[in-house]
Amino acid sequence: MRTRSSFSHNPHLRVSRPVQCDGKLPACTACEKAGRENECSAASDQQFARGKERSWVAALEARVEKLDRRLNHARSRKASVALHEVDDNTMTMQDSERRDSLVDITAAIHRKAARTREKADFNTLVSDFGLLTVNATTPGFDTQQESANPMSFARLVLAAAQHDTLPDPNTDELPYQEVAEANFQFYQDNILPLYPLFPTADLKALVPKIYDDADLGILGGIRSSEYWLFWMVMAIASAAQSKAVNDRNYYDALQYVARALPYADRAFVPGYTTQIQALVLLTQYSMLDPAHFDSWHLIGFACRACIDLGFHKDHTFTQQSSKDTIDARRRTFYCVYALDSMVHARPFSFKDDDISVRLPSPSVDNERSDPSLPLFELRRLQSGWYQTLVQTDSNDPLRDPVQYVWQKYHETQRWSKELTLDLPATIRTAFDLELDYSSVYLVVPSPRTPKLTDHGRLLIFEHTIRYLYRMYEVVKASPSEGFYTYHDALKVFFMGSQLVTVLRDPGESDLWQSLGATKPPQQNPPLPERLDKDLSDAIARSNSCLDKVNETLKLYGERWEQVKTLADHFDRTTTDIKSYLETRRDMVESAIARNMQKDGRHALPTSRPGTNPSTLAYQSAPMTQHSSQRANQGAPWGNSTGFQGHHNVHF
């Protein structure tokens, strides 16, 4: 509340004068007209009471006197300070310490003030939660109101999911239209087919719409959600084509995201499909820029928005809903569902028991088969066994865990065989990689399948080598095709770790002897087809693949600083396994030489088609058993290392 000042500080400007005198000085008008200027008493103190004209002059004089006293006091203090001032060259150590102490105290005060402001901001945000039920059907506060601290759903999302602060945009101009068209084309070719959030026609029409309105100077013709879509597609496409953290594509991506954020409040307005689409776009970008955004939190927000808006149930459609509207809602849901990946080794946001959404109809925007449908089908398969094996209580064991794993493994392989032949090569490669990753994830021990079979080790060995071999080729190629993210770097580290684990723990029957068998055991899934056929034996394949893991992680480390830590860790942990493999190779070659020198009665059979000395060494039970003992004696981990499942790997 405003305090009332004294009269001397703020004298009133309106005064009163006698009726017979108009107060004009030095003589009133009446006296002038009468020719009695010298006899006018308008300025006499006796003619006016306190609070009239003389009181105004007195107030001004009092204020001047007060200011004069304050000025004299200030001058006297300045003179006193000048008398006690010392020269800098003669300042004592005590004075210096006192001044340093004052600096420290001042800095401490500023720090405390900063903490106080931060605490106040946090308390304000928390207090706003009491006024806002945070879900996807609450419109939140009106961001257009004049408020020093407006509350919105977008602000909540960014506060939870944003890591580092984005740089400010260095321009308000649109990029060249050719650049925008190239980025939109990349998004349409590599990302939109897998996550069809928008019709292709709408995306193609957005670029000319943005630039035509800018050329004509039209304001307000484009919605905030459309501006958000434009800038986020630009950011995702640029970040996806980046090869290093400081290259031009990454720099442009940061600029585009910074240009998009001012539209977040309107794009994230709850209660609309555009909110889910905006969250998915930010999630896709966060998968390419983990330094600034957390993809796990963002996909959680998107899943929550789907549930609050009823997108996880088909029965929420009204009778008036058209087929296109229903398919659009289903595609939006499954785009969120597909992004809820198990790469974080955390529970899925959706529970399959709570979902009843059919797959959408094939998209008519693609000349070829709709590649999003196989992705959605694979995610449903993954979600089914992941929730059973990982998210279910481990105290409730499966009746036959081995049979369950083999059944789900066969379903995954059947999904791969049913893929159409007209899929684009980049998408087919991505599906093959996901098949190997999913197969290994399924077979590794989990809370409800703690025991790994010997054939499971063989499957892990073959799938990891095939995955890492193919991923190495993908990373070496130009990033102008495909949608590979930070999550793929995590997958490479996981697959490499599983390969190291099976090499360290060969199981009850020697892994190397099993690899030399010509046929898999009965009633077990067949081994996948090899990609590294130029390598003759398992030791050479293992060494080559470990080197590829190191190279792949180093290449990914140029894009994401976080991967450098994984690369260093993997390099340190594989030093001993590489030494072990070299020792085993020497023993195998020595055993082969000794067998070659024996007489015919002890010679190894050589009539089997396709055999070679290395394979024969693995098939010879006495020699393999002997070499296995010597190799395990030389290995620092011995033969007791437990298998490490995915749920124990922390990223």
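Residues numbered from 1 in each chain as written. Predicted model: local features only at pLDDT ≥ 70, side-chain atom pairs only at ≥ 80, totals over all residues. Heavy atoms only, no water.

Student: Would you mind going over the overall build of the chain with me for this structure?
Tutor: Looking only at helices and strands, the chain features 23 helices and zero strands. Across the 651 residues of the chain, 45% fall into the buried class. If you take every contact in the chain between residues at least 6 apart in sequence, the share linking residues at least 24 apart comes to 77%. Accessible surface computed for the chain: about 35800 Å², of which carbon and sulfur atoms make up 50%. (Helix = DSSP H or I, 4+ residues; strand = E, 2+ residues; numbered from the N terminus. Buried < 20%, exposed > 50% of the residue type's maximum accessible area, 1.4 Å probe, protein only. Contact = heavy atoms within 4.5 Å. Areas by Shrake-Rupley, 256 points an atom, 1.4 Å probe, with all protein chains shown as cover.)

Student: Help me understand empty space enclosed by the protein, please; the structure alone is not making it clear to me.
Tutor: The method is simple in principle: a probe with the dimensions of a water molecule rolls over the atoms, and the space it marks as empty is what remains. Scanning all chains against the criterion turns up eight cavities of 30 Å³ or more. Of the pockets and cavities examined, the largest cavity occupies roughly 390 Å³. Looking at the largest cavity, it is lined by 24 residues, and the ones nearest its centre are Tyr195, Glu434, Phe483, Asp488 and Lys491. Mapped by element, the contributors of at least two residues to the lining of the largest cavity are α12 (323–339), α13 (372–391), α15 (425–443) and α17 (486–504). Among the elements that take part in the lining of the largest cavity, α15 stands out by supplying seven residues, more than any other. Per-class residue counts for the lining of the largest cavity are 14 nonpolar, six polar and four charged. (1 Å grid on protein atoms, 1.4 Å probe; cavity = no way out; pocket = protein on both sides within 12 Å on 5 of 7 lines; lining within 4 Å. Points joined across faces, edges and corners; volume = space filled by probe spheres on them. Nonpolar A, V, L, I, M, F, W, Y, C, P; charged D, E, K, R; others polar.)

Student: Even after reading the chapter, I still don't get the environment of Gly456, so can you show me in this structure?
Tutor: Mapped onto the secondary structure, Gly456 falls in helix α16 (residues 454–476). Gly456 sits in the buried class, given a relative accessible area of 0%. C-alpha of Gly456 to C-alpha of Leu442: the two residues are 14 residues apart in sequence and 9.9 Å apart in space.

Student: How do you make sense of the nonpolar core when you look at a structure like this?
Tutor: Soluble globular proteins tend to pack their nonpolar side chains together in the buried interior. Judged by nonpolar contacts, the single largest core of 85 residues is most densely connected at Tyr195, Trp228, Phe230, Phe268, Tyr285, Phe333 and Val336. Take this core: its biggest share by element is twelve residues, from helix α7 (residues 224–240). Among residues more than four places away in sequence, those in contact with Phe333 are Cys306, Phe311, His312, Phe350, Ile355 and Val357. By size, the runner-up hydrophobic cluster in this structure holds 55 residues, among which are Met342, Tyr409, Leu442 and Tyr556. (Core = buried A, V, L, I, M, F, W, Y, C linked by side-chain atoms within 4.5 Å.)

Student: For this particular structure, what's the right way to read the packing of aromatic side chains?
Tutor: Two aromatic rings, taken as a pair, are described by how far apart their centres are and by the angle between their planes. In this structure the tally under the stated criterion is 25 aromatic pairs. Taken together, the ring pairs connect Phe348, Trp385, Tyr386, Tyr437, Tyr441 and Phe494 into an aromatic cluster. Arg346 extends its terminal NZ or CZ atom over the ring of Trp296, reaching a point 4.0 Å from the ring centre. The side chain of Lys491 reaches across the aromatic face of Tyr437, ending 4.9 Å from its centre. (Phe/Tyr/Trp six-rings, centres within 6.5 Å; stacked < 30°, edge-to-face > 60°. Lys NZ or Arg CZ within 6 Å of the ring centre and 35° of its normal.)

Student: How should I be thinking about the pattern of salt bridges in this particular structure?
Tutor: Think of it this way: side chains of opposite charge can pair up when their charged atoms draw near. On inspection of all chains with the given rule, the structure shows 18 salt bridges. Residues Glu462 and Arg541 are paired through a salt bridge, measuring 2.7 Å at the closest nitrogen-oxygen approach. Residue Glu462 is found in helix α16, and its partner Arg541 is found in helix α19 (residues 538–557); the two are separated by 79 residues along the sequence. Taken as a pair, Glu462 and Arg541 share a single burial class, namely buried. What you see here is one network of salt bridges that share partners, running through Lys209, Arg223 and Glu226. (Salt bridge = Lys/Arg side-chain N within 4 Å of Asp/Glu carboxyl O.)

Student: Hey, could you run me through the side chain of Asp488 in this one?
Tutor: Tracing the backbone shows Asp488 in helix α17. Here Asp488 sits buried without a salt bridge, and the closest side chain of opposite charge, Lys491, lies 4.4 Å off (N-O distance). There is a polar contact of 2.7 Å between the side chain of Asp488 and the backbone nitrogen of Thr485. When sequence neighbours within four positions are dropped, the list of residues in contact with Asp488 reads Tyr467, Met471, Phe483 and Tyr556. (Lys, Arg positive; Asp, Glu negative; His and termini not counted. Polar contact = N/O pair within 3.5 Å; in protein donor to acceptor, adjacent residues only side chain to side chain.)

That is the geometry; function is a separate question.
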